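As a plain string of letters, each chain reads:
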Amino acid sequence: MKAKTKKNIKKTISLIILGILGLLAFIPLLWMVITAFTQPTLTMKFPPDIIPKDPSLENFADLFSRKVLFRWTLNSIIVAGTVTIVQVFFCAMAGYSLAKKRFPGRKAIFAIYISSMMIPTQVTLVPLYIIVAKFGLVNTYAGLILPAISAPFGVFLMRQFMLSVPSEMLEAARIDGAGEFRTFMKIVLPISKPALAVLGIFTFVGQWNSFLWPLIITNTNEMRTLQAGLSLIQEEVPMQYSYLMAAATFAAIPMIIVFFSFQKYFLRGITVGSVK
Amino acid sequence: MNNVDSNIVKAKIPLHKRMWKNKAGYFFVLPHLSLFAIFFLLPVGWGMYLSFFDYNAFSQSFIGIENYKYIFEDDLFWKALKNTFAYTLGVVPLWLGKALLVTVLIYPFHKKIRTFFKAVFYLPHVTSSVIIAMIWLWVFNPQYGLLNYFLSFFGIDPVIWLGNSMTAMPSLIMMQVIMGGGSTIVLLSAAMASIPEYYFEAAELEGAGSWAIFKNITLPLLKPTILYAMIMGTIANFQTFSNIYIMTQGGPEFSTLTIAYLVYETAFKYYELGLASAMSMIMFVILVVLGIVQFKWLGSNVEY
């Protein structure tokens, strides 16, 4: 009995600590949404209204009258979508090759991929900009997309997963007369679905939230992505908090939906690499 | 045995024939590899090369190690370096400690409660750093901000969080610790779930207290994951950019100027691309050294 009370006390204390830490992280997000629905004139007052009086959609109406916002959103969808699809497909191909094909040079190629994963983006930023500029791709979708696809992490992830694909299955397909590419499309891709999903989801979120590269490589208002666009609004109207929070809410919602739709993929962690 | 066999086979078949026979391997790896070579490997090599050039709109001339000399004599660079270290050293241990604490605390609970808390802590992680920075700029607002309002209940006078060179950097660190750690909690929880439960049960039967269990069982078994999170966290926080760009632009009085922001300004505001490349290279070397140090320090007694 005593042991049980002790355990319950422990659990209660745990919950209190978890609750405080959780609230600290959650309140700012909640505050963003609350401010977004506060009337602009009521934002600048002290003390602030924790629950807004007469919640208003005025901020969103203002925001949506800025037509370029939809262009930014479209840009983000195009960039994040294309990067995700191509990245997943190319990484699956490369991962399959490095895991299952025995061609000369594969060990060296894999070693280069692995050691590249530790290289911070800052190192490649300036020369990458110059190279993309030399190709004439500044302020283009290609300029936004191509460097993002070339990130090495996905290849590593896919290679680790593909190691677990039974070679007998591939052998059987070969004996049945299926060509290399057909085998890949009809057998390798379908059994890799869990790994493809993980890579796809993380790539999409990462690209949607990407900021530094779009900021550098775009130079007209129309080519900005949503994140780069947000920073522009922040610079333009730094004090209009309700408007800014409406913009932030608008940009955050898609990822919050993605998160809750694919919650188990996020909360399970990337353990694909260690599947036996 | 197998190795010996394959070596003999290798020796017999000429390289080009082996390459031709395995052409499918190249076919599959090439699409990604070619992009990777152009947009990743080439920039790394070229960045090193550029760092020896006076590279800007007017000149592209080789100047040897002049960029590096300039950097090491530049007070602003040292200031940025110091700030970046302060930020990283402030954020990483606190945020790792928070992640560990949460992981250990949620472990005994029902799966549903665990999932709930993991989701709460992960949510800021799918929200972009730009958005988080915008929110906190509002929270930190000295006149109307939520934080000063909250502190007023405790009789604390309004603080100009980001406008004072004494408090700006600690404010940024606090924000990062409060919002961060979500993915590390997921990682650590996964690692903790793989520890056999009877380890804990046996220790409890022996009468070991919570702290003893944490110190002698949990911590040693989580060490590889902690090491991984620590290295990745160091790399990520050492490059912190978005929050500086949105919230402080390196100010006030350069108190929040980080290397990443200095590189950005040098390259894309002043167009001194050679100088910026040299700064990136120094940053890279520091990160490699930090990675090795952490690995030696924590990795020395990793045991299963």
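Residues numbered from 1 in each chain as written. Chains lettered and ligands numbered in written order. Predicted model: local features only at pLDDT ≥ 70, side-chain atom pairs only at ≥ 80, totals over all residues.

## Section: the overall build of chain B
Piece 1. Each helix and strand counted, chain B has 15 helices and two strands in total.
Piece 2. Computed over the C-alpha atoms, the radius of gyration of chain B is 25 Å, more than 25% above the 19 Å expected from 2.2 N^0.38 for a compact globule of 304 residues.
Piece 3. Summarising its shape, the C-alpha atoms of chain B cover approximately 80 × 65 × 30 Å along the three principal directions.
Piece 4. With 304 residues in all, chain B has 42% of them scored as buried.
Piece 5. Restricting the contact set of chain B to residue pairs at least 6 apart, pairs at least 24 apart contribute 70%. (Helix = DSSP H or I, 4+ residues; strand = E, 2+ residues; numbered from the N terminus. Rg over C-alpha atoms; globule rule 2.2 N^0.38 Å. Buried ≥ 20, exposed ≤ 12 C-beta atoms within 10 Å, placed from the backbone. Contact = placed C-beta atoms within 7 Å.)

## Quick notes on the overall build of chain A
Piece 1. A tally of helices and strands in chain A yields 15 helices and zero strands.
Piece 2. Its C-alpha atoms give chain A a radius of gyration of 24 Å, more than 25% over the compact-globule value 19 Å for 276 residues.
Piece 3. Taking all 276 residues of chain A together, the buried fraction comes to 39%.
Piece 4. By sequence separation, contacts in chain A at least 24 residues apart represent 74% of the contacts at least 6 residues apart.

## Some thoughts on the nonpolar core
One recurring pattern in soluble globular proteins: nonpolar side chains tend to sit buried together.
Piece 1. Ala94, Met158 and Ala248 of chain A together with Met134 and Met279 of chain B are the most contacted members of the largest nonpolar core, which totals 146 residues.
Piece 2. With near-sequence residues (within four places) excluded, Met279 of chain B lies in contact with Ile71, Phe77, Ile259, Leu262, Val263 and Thr266 of chain B. (Core = buried A, V, L, I, M, F, W, Y, C linked by C-beta atoms within 7 Å.)

## Brief notes about the confidence of the model for chain B
If pLDDT is low for a region, its predicted coordinates should not be looked at in detail.
All names here are of chain B.
Piece 1. For chain B, per-residue confidence averages 88 on the pLDDT scale, and 94% of positions sit at 70 or higher.
Piece 2. Taken together, the stretch residues 1-5 has pLDDT below 50 and engages in zero contacts with residues farther than four places along the chain or on a different chain.
Piece 3. Model confidence for the complex: the whole-complex pTM is 0.90, and ipTM, which rates the interface, is 0.90. (pLDDT = per-residue confidence, 0-100.)

## Focus: the domain arrangement of chain B
Piece 1. Under the domain assignment, chain B is made up of domain 1 (2-50) and domain 2 (73-299).
Piece 2. The C-alpha centroid of domain 2 of chain B is placed 38 Å from the C-alpha centroid of domain 1 of chain B. (Domains from an automatic or database assignment.)

## What to know about the interface of chain A and chain B
Piece 1. Taken together, the 78 residues of chain A in the interface contact 74 residues of chain B.
Piece 2. The element that contributes the greatest number of residues to the side of chain A that touches chain B is helix H1 (residues 2-36) of chain A, accounting for 14 residues.
Piece 3. Along the lines of polarity and charge, the residues of the side of chain A that touches chain B split into 55 nonpolar, 17 polar and six charged. (Nonpolar A, V, L, I, M, F, W, Y, C, P; charged D, E, K, R; others polar.)

## Brief notes about the domain arrangement of chain A
Residue and element names in this part refer to chain A.
Piece 1. Here chain A is partitioned into domain 1 (2-57) and domain 2 (61-274).
Piece 2. A C-alpha centroid distance of 33 Å is found between domain 1 and domain 2.
Piece 3. Contacts between the two partners involve eight residues from domain 1, matched on the other side by nine residues from domain 2.
Piece 4. Secondary-structure elements contributing two or more residues to the side of domain 1 that touches domain 2 are H1 and helix H2 (40-43).
Piece 5. For the side of domain 1 that touches domain 2, the element with the highest residue contribution is H1, accounting for four residues.

## Some words on the environment of Ser165 of chain B
Residue and element names in this part refer to chain B.
Piece 1. Among the secondary structure elements, Ser165 is positioned in the loop between helix H8 (146-152) and helix H9 (168-179).
Piece 2. Distance from Ser165 to Ala236, taken between C-alpha atoms, is 24 Å for residues 71 residues apart in sequence.
Piece 3. Not counting the four nearest positions on each side in its chain, Ser165 is found in contact with Pro252, Glu253 and Ser255.

## Considerations on unusual backbone geometry
All names here are of chain B.
Piece 1. In this structure, Pro252 follows Gly251 across a cis peptide bond, with omega equal to -10°.
Piece 2. Tracing the backbone through its elements, the reader meets Pro252 in the loop between helix H13 (242-248) and helix H14 (259-268).
Piece 3. You will see that Glu253, though not glycine, has its phi angle at about 50°, which is positive.
Piece 4. Structurally, the position occupied by Glu253 is in the loop between H13 and H14.

## Quick notes on the packing of helix H6 (residues 121-134) of chain A against helix H3 (residues 23-50) of chain B
Piece 1. Interhelical geometry of H6 of chain A versus H3 of chain B gives an angle of 100° and a closest axis separation of 8 Å. With respect to H3 of chain B, the axis of H6 of chain A lies roughly perpendicular. In this structure, H6 of chain A uses Val123, Thr124, Val126, Pro127, Leu128 and Ile131 of chain A to contact H3 of chain B, whose residues at the interface are Phe39, Phe40, Leu42, Pro43, Val44, Trp46, Gly47 and Leu50 of chain B.
Piece 2. Taken together, the residues that form the contact of H6 of chain A with H3 of chain B break down as twelve nonpolar, two polar and no charged. (Axes fitted to C-alpha atoms, helices over the stretch in contact; angles between N-to-C directions. Parallel < 35°, antiparallel > 145°, perpendicular 65-115°, else oblique.)

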